[in-house]
Amino acid sequence: MAGIELDRISKHYGDTVILEELSLAINEGELVVLVGPSGCGKTTILRMIAGLLEPSRGRIRIDGRDVTETLPGERDIAMVFQSYALYPHMTVFENVAFPLRVRRLAPGEISRRVNEVTKLLGIDHLLGRKPAALSGGQRQRVAMGRAIVREPKAFLFDEPLSNLDAALRGRMRGEIAGLHRRLGATMVYVTHDQHEAMTLADRLVLLNKGKIEQMGRPLDVYREPKTRFVAEFIGSPPMNFVPVEERAGSLAGAGFAVPLSAVGVKSGVPGGRLLLGVRPEALKVATSGEALPTLKAEIDWIERTGSDGYLYARVGPTSIVARLSAAAGQGLSPGQRVDLSFSQARLFDEVSGRAVDDAGVA
Amino acid sequence: MRRGLVIGGLAVATLSCLSRLGQAAEVVLWHSYRAGEMEALDRTVDRFRHEHPDTKVRVLAVPYGAYQQKLISAIPAGHGPDLFIAAHDQLGDMIRRELIEPVPAALASAQFLDETLRPLAVGAVQGIAAGAAGPATPGRSWGWPMAFKTLVLFYRTDLVATPPATTDGMIEIAHALTRPGRFGLAYNLAEFYFHAPWYFGSGAELLSADGLSARIESEAAAASGAFLRRLVLEERVVPTDANGALVTEMFNRGQVAMVVNGPWFISEIDRGVPWKIATLPRMSASDRPARPLLTVEGLFVAKGRATPETVGLAEALVSDSAARIRALEGGQPVANRAAYDDPEVAARSVLGTFRAQLEQTVPMPTAPLVALLWEPLNEALRQISRGALAPKVAFAAAASRVRVLNQPLPESESAAPFVLGLLLLLCGALAVAVWRRPPRFVARLLAARAAYAFLLPTAIGMTLLVAVPFLMGLGLGFFAFGPGEVRFVGFANFVSIITAAEYPVTHPLSFYFTLVVTVLWTVANVLLHVGIGFALALLLSPAWLKGRGLFRVLLILPWTIPNYITALVFKGLFNAQFGAVNAVLVALGLSPVGWFDGFWPAFAANVVTNVWLGFPFMMVTLLGALQAIPQDLYDAARVDGAGAWQRFVGVTLPQVGPALLPAVILGTIWTFNMFNIVFLVSEGQPEGSTDILVTEAYRWAFVRNGRYGYAAAYSTIIFVILVLYSLVTRRLVAPRSEARV
Ligand SMILES: Nc1ncnc2c1ncn2[C@@H]1O[C@H](COP(=O)(O)OP(=O)(O)OP(=O)(O)O)[C@@H](O)[C@H]1O
Ligand SMILES: [Mg+2]
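Criteria and thresholds
- Residues numbered from 1 in each chain as written.
- Chains lettered and ligands numbered in written order.
- Predicted model: local features only at pLDDT ≥ 70, side-chain atom pairs only at ≥ 80, totals over all residues.
- Heavy atoms only, no water.
- Near = heavy atom within 4 Å.
- Polar contact = N/O pair within 3.5 Å; in protein donor to acceptor, adjacent residues only side chain to side chain.
- Areas by Shrake-Rupley, 256 points an atom, 1.4 Å probe, with all protein chains shown as cover.
- Helix = DSSP H or I, 4+ residues; strand = E, 2+ residues; numbered from the N terminus.
- Nonpolar A, V, L, I, M, F, W, Y, C, P; charged D, E, K, R; others polar.
- Contact = heavy atoms within 4.5 Å.
- Salt bridge = Lys/Arg side-chain N within 4 Å of Asp/Glu carboxyl O.
- Domains from an automatic or database assignment.
- Buried area = accessible area lost by both parts, 1.4 Å probe.
- Buried < 20%, exposed > 50% of the residue type's maximum accessible area, 1.4 Å probe, protein only.
- pLDDT = per-residue confidence, 0-100.
- Pairing = 2+ DSSP bridges.
- Axes fitted to C-alpha atoms, helices over the stretch in contact; angles between N-to-C directions.
- Core = buried A, V, L, I, M, F, W, Y, C linked by side-chain atoms within 4.5 Å.
- Phe/Tyr/Trp six-rings, centres within 6.5 Å; stacked < 30°, edge-to-face > 60°.
- Lys NZ or Arg CZ within 6 Å of the ring centre and 35° of its normal.

K.L.:
Which residues make up the site of ligand 1, and what values do they have?
P.N.:
Residue and element names in this part refer to chain A. All residues in the neighbourhood of ligand 1 are listed as Tyr13, Ile18, Ser38, Gly39, Cys40, Gly41, Lys42, Thr43, Thr44, Glu159 and His192. Between Gly41 and ligand 1, the recorded distance is 2.9 Å, taken from a backbone N or O atom to an oxygen atom. Separating an oxygen atom of ligand 1 from a side-chain N or O atom of Glu159 is a distance of 3.3 Å. Across the complex, the protein chains shield 58% of the 640 Å² of accessible surface that ligand 1 would expose by itself. The leading source of residues in the shell around ligand 1 is helix α1 (residues 42-50), at 3 residues. Its residues assigned to classes, the shell around ligand 1 comprises 3 nonpolar, 6 polar and 2 charged.

Structure representation (structure tokens):
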């Protein structure tokens, strides 16, 4: 197992800049998830690590060794593609065995390792089939098997689950997590899906337009988004933003005012336009005599999914969402005015999008 | 409805009667002249119209290529000409088919040159049973002689001062003029017609007097061969690879001083080239004059059309004054004695020379057997001029080939068992069809009649254009065609082909020899098509290659050119003396190759031509297949550690396989039947050894005395081979659903 280090890498296509001076160090045995909107450069980074793309500038090191100019096959890295890229004319066995055959291992050794890996993935009963005769999940497993069988230094996953249905995706997610625990391998995992990102990652790297927006442990990123972009990207439904102004130690919005302490900031708030960021799950319908800060809102409509529900409302001109427990919404109806209290909030500068915390503008 | 049909039928009948009435007063004349000869003929016809305003004359110029065939089909059907002009060597055929009748009145024979009258005389036509030819009445003729064609010696007056009187003199002059890039003498060596002067001048003959047996194996024939050998190999004054067009070009450019050729050559000589003609020299060895073949163009009356008007027109067209016009304006060597006494004609030394040559000619034989002689004789000449065979041996080989080709037709067989068998087979098939018909067959058929009505036009077209010719071809294989007869011979043709008993297996006429060559040809071509196509497709597929669109277009070009054009171009490139390929070899310090002298070089020339034509198809197919391969597969293989070769074997090959296989099967069938290339490039040379099955079938039908039945049997066998091949390969391309993702 090995660490991967991207040292100020850039990627240009002609005049189009895809990545600019991006540095990232991935520790040995760590599972790093790259998330970000479509087109932000996730696949590009992965393909550069694999050696399928050459960076325009910068160095890549694996296990301390500079591999920037090394051929993909010599980097000892495995990659699982979104399309699985199984060889259609080969059986499951041959697919999994392919990397070993290319390395000219002894046939006995090959079948031993293939059997071991396919058993581990629960596809040992499919060895004679061709990919066309497999379900999506089975193909996915074969692709993983082909990656695992060589015991590489690191694994790269490019949205490996995006072609699966929701239920299967959940199960495979669990399996990948288990695999990571069992193999203790270095993994770089690219996804669109914040759920996958939150549950799998040792460390989350959030990319935007070719730059790292924030990285850290998933919960830290969730709790303390450094920018409005991160706050919106992580969490579902996304964080609500209500315009406020600082007025004599408190934050005043449309028909409400909350103390600065409610956002964990003591002083030094800059003037100008600010946004109060409150996650839907932090909002509650206030009962009378509540100590928590509250927003005054008018209900638009209420959505119930059984276990819980969402309340759509307006604070002044701003639409917000609150997540309700099953019991909490009883007796509310559209048009009604309610007080919504919140346990946690974060303040952002509207212009720069950056979070405002103790140290002032971060 | 029915009444409408009756009225319509009556109207058609009346109209056709009327048109026949209209024709009665009209004389229709057919000819195949062009340019000057045509204009001169038209003038004589105009003169006749002027003098006989009440006789209508319609003149039709029919293209030469289709002329004979048109006469054969039109005259018996009643819409042919009343009068037509044709060469006398077709007489035997025309008499047998009863296309003509003898000139009604006694000919004013004193009017014409004897040599032109003789070949047309009733009774002079060889190989015709006396009954069909009519009694040999002295003075009766099948037609009026109009003009004649034969060979003379053309020479450039800037190179040759006085024409040679003997062949030794000719060789001496030629020798003095031959130097690199120039030859003293040239003529089309590939055709016996141009060798004929030496052949007959040596005292050899083609046929026995009755026209029933060949006489091409003789001391005299060998002597003519020795003379050819001397011209080409010993004195080297004649280029070996100059065909008709090249001879003309060389004469015009001054690259050859003397040419043996006929009157048609005059119009091919460029203006400004100083030339004259002379009669051919005496053969020094035999001390006899060289005697070229003579063709007389006669004016013939179509069977049953000998009306006074027809005869009137004929006599006007062959009159001395009309002949004078044709001689002066059309440049024709005419058949009328008086024309040559005319001072204006006498001033044309050309016509005088032709007339002088006429006295030393051999009329083209009319016996059917002669058609069989050309291919073996041409082959013998080719062998002699290559130095491959001694003259004597070469003519002996030709004679034995004629004997093989001239075998008597197989015994006639009763068709009854075959007809019975066929009927039984049909009944059986019908019974099976009825027995295994789907449930409620008739009811469903009736219910869907609108659908069948839509299919009907196509079905009729397919039946007429595909099924009928195919079945006729199949049926033809059970018949044998001889001169003037057709007989049912059962399986005799098939048996003769399959057992190949008449020749050893190594003989090019043997079916098995040709089959092996065909398979070799197919395999070599398809391998090279796929190999080169694949290599180019791989070169042209990477996205980073600049200008690959342009390269693709350039490489597809060979495919877009009609293949016979390419074939002719390559034939020129491979010409041994004047071709670019040998020029390059010589420039590289290598020795030139006689491309069509040996089996392997000739085979290679064919293959090169066909590869040039065939690789773009494979390239395009493979380019498409390559582009359909997902890039991910290559990426995955690279990450898995596969090198370029392993990616090719592990990803590219299996991925293009499904597209490649049908292309290979199709290409195999095309190549197996690639008639044009073999027919035009090597022409089967040497000795028919590079012929493939289809060209061999063609030769049996159209070169070897019209053995249509034998040729049809050949085609049927080719068909069976290809059906078997596609049955076998169909299993290979059967959809393997598994293999797709
Ligand atoms: N060959 C290329 N030429 C020019 N631009 C390219 C090329 N390949 C990729 N790009 C651009 O690079 C950017 C990053 O692409 P990349 O595939 O890394 O995105 P991604 O983050 O993986 O997106 P997604 O989540 O949709 O897979 C995109 O804007 C894309 O248009
Ligand atoms: Mg991507």
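K.L.:
Give me the lowdown on the interface of chain A and chain B, citing residues and values where you can.
P.N.:
Residue-level contacts link 28 residues of chain A with 19 residues of chain B. Remark: the boundary between chain A and chain B carries 3 salt bridges. Note that Asp635 of chain B is salt-bridged to Arg47 of chain A, the shortest N-O span being 2.9 Å. Linking chain A with chain B are 10 residue pairs in polar contact (both at pLDDT 80 or more). Within the side of chain A that touches chain B, the residues separate by chemical class into 17 nonpolar, 4 polar and 7 charged.

K.L.:
Describe the domain arrangement of chain B, naming the residues involved and giving the relevant values.
P.N.:
All names here are of chain B. By domain assignment, chain B separates into domain 1 (23-148 + 296-363), domain 2 (152-291 + 373-405) and domain 3 (517-684). Across the interface of domain 1 and domain 2, roughly 1,200 Å² is buried in total on both sides, 70% from carbon and sulfur atoms. Counting every contact that joins domain 1 to domain 2 gives 0 salt bridges. Summed over the shared surface of domain 1 and domain 2, the result is 2 residue pairs in polar contact (both at pLDDT 80 or more). Top contributing element to the side of domain 1 that touches domain 2 by residue count: helix α14 (residues 349-358), with 5 residues.

K.L.:
Give me the side chain of Ser510 of chain B: which residues, what numbers.
P.N.:
Structurally, the position occupied by Ser510 of chain B is in the loop between α20 (492-499) and α21 (511-540). Of the residues examined, Ser510 of chain B reaches a relative accessible area of 0% and is grouped as buried.

K.L.:
Got a sec to walk through the pattern of salt bridges? Specific residues and values, please.
P.N.:
Considering all chains together, one arrives at 47 salt bridges over all chains under this definition. Note that Arg113 of chain A is salt-bridged to Glu109 of chain A, the shortest N-O span being 3.6 Å. With a gap of 4 residues between them, Arg113 of chain A and Glu109 of chain A both fall in helix α3 (residues 107-121), about one helical turn apart. Judged by its relative accessible area of 13%, Arg113 of chain A falls in the buried class. Between Glu234 of chain B and Arg229 of chain B there is a salt bridge, with its nearest N and O atoms 3.6 Å apart. Through salt bridges with shared partners, one network takes in Glu5, Asp7, Arg8 and Arg61 of chain A.

K.L.:
Could you give me a rundown of the side chain of Asp82 of chain B, with the residues and numbers involved?
P.N.:
Residues and elements named next belong to chain B. Note on placement: Asp82 falls in the loop between α3 (64-77) and β3 (83-87). Within the structure, the side chain of Asp82 is placed 2.7 Å from the backbone nitrogen of Val28, a separation counted as a polar contact. In this view, Asp82 contacts Glu26, Val27, Val28, Phe300, Val301, Ala302, Arg305 and Thr310; residues no more than four positions away in its chain are not counted.

K.L.:
I'd like to hear about the confidence of the model for chain B, residue by residue, with values.
P.N.:
All names here are of chain B. With 93% of its residues at a pLDDT of 70 or more, chain B shows a mean pLDDT of 86. Counting interchain partners and residues more than four positions distant, the pLDDT-below-50 stretch residues 1-24 has 0 contacts. Note on residues 737-741: pLDDT under 50 across the span, and 9 contacts to partners over four residues away in sequence or across chains. As a predicted assembly, this complex carries a pTM of 0.70 together with an ipTM value of 0.83.

K.L.:
Help me get a handle on the pairing of strand β5 (residues 144-149) of chain B, residues and values and all.
P.N.:
All names here are of chain B. The element β5 is largely enclosed, with a buried count of 6 among its 6 residues. Examined bridge by bridge, β5 and strand β12 (residues 293-302) share 5 bridges and lie antiparallel to one another. Pairing of Trp144 across the sheet is with Leu299, part of β12.

K.L.:
Would you mind going over the sheet that holds strand β4 (residues 57-62) of chain A in detail, with residue names and values included?
P.N.:
Residues and elements named next belong to chain A. Spatially, β2-β1-β4-β5 is the arrangement adopted by the 4 strands of the open sheet, whose pairing is antiparallel. Two strands lie at the open edges of the sheet, namely β2 (16-26) and β5 (65-66), each paired on one side alone. Sheet topology places β4 next to β5; 2 bridges connect them, and they run antiparallel. Bridged to Ile62 within β5 is Arg65. Helix-sheet contacts for α1 involve β1 (4-13), β2 and β4, and the interaxial angle to β1 is about 120 degrees.

K.L.:
Could you give an account of the sheet that holds strand β19 (residues 337-342) of chain A, naming the residues involved and the relevant values?
P.N.:
Sheets are built from strands paired through backbone hydrogen bonds, the pairs being either parallel or antiparallel. All names here are of chain A. Read from one edge of the open sheet, 5 strands run β15-β19-β16-β17-β18, paired in antiparallel fashion. The open sheet terminates on both sides in strands that have one partner only, identified here as β15 (283-285) and β18 (318-325). Taken over all neighbouring pairs, the strand axes of this sheet differ in orientation by 45 degrees on average, direction set aside. In the sheet, strand β16 (residues 294-304) pairs with β19 via 5 bridges, with the strands oriented antiparallel. When the sheet's bridge partners are listed, Thr294 is paired in β19 with Ser341.

K.L.:
Could you give me a rundown of the nonpolar core, with the residues and numbers involved?
P.N.:
Counting 94 residues, the largest nonpolar core has Leu185, Leu206 and Leu231 of chain B as its most contacted members. Residue-level mapping places this core at the junction of two domains, with at least three residues from each of domain 2 (152-291 + 373-405) and domain 3 (517-684) of chain B. One finds Met48, Met79 and Val102 of chain A together with Tyr634 of chain B within the second-largest nonpolar core, a separate group that totals 60 residues.

K.L.:
A description of the environment of Leu693 of chain B should follow, citing residues and the corresponding values.
P.N.:
Structurally, the position occupied by Leu693 of chain B is in helix α29 (residues 693-702). Contacts of Leu693 of chain B, omitting those with residues within four sequence positions, involve Phe511, Thr514, Leu515, Thr518, Phe672, Tyr714, Ile718 and Ile721 of chain B.

K.L.:
Could you give me a rundown of the packing of aromatic side chains, with the residues and numbers involved?
P.N.:
Residues and elements named next belong to chain B. The full count for this structure, using the stated rule, is 47 aromatic pairs over all chains. With 5.4 Å between their ring centres and 20 degrees between their planes, Phe599 and Phe603 make a pair best called stacked. One end of the pair, Phe599, and the other, Phe603, are both in helix α25 (residues 599-627), 4 residues apart, so they sit about a helical turn from each other. Geometrically, the ring pair formed by Tyr710 and Tyr714 is tilted, given 6.2 Å between the ring centres and 45 degrees between the ring planes. Here the residue Tyr710 and the residue Tyr714 both occupy positions in helix α30 (residues 708-733), the gap between them amounting to 4 residues, near one helical turn. Classification of Tyr710 by relative accessible area gives buried; the value is 5%. Grouping aromatic residues by their ring pairs yields a cluster made of Phe418, Phe478, Phe479, Phe488, Phe491 and Phe494. The ring of Phe596 carries the charged tip of Lys571 above its face, separated from the ring centre by 4.3 Å. Directly above the ring of Tyr710 sits Arg707, whose terminal nitrogen or CZ lies 4.8 Å from the centroid.

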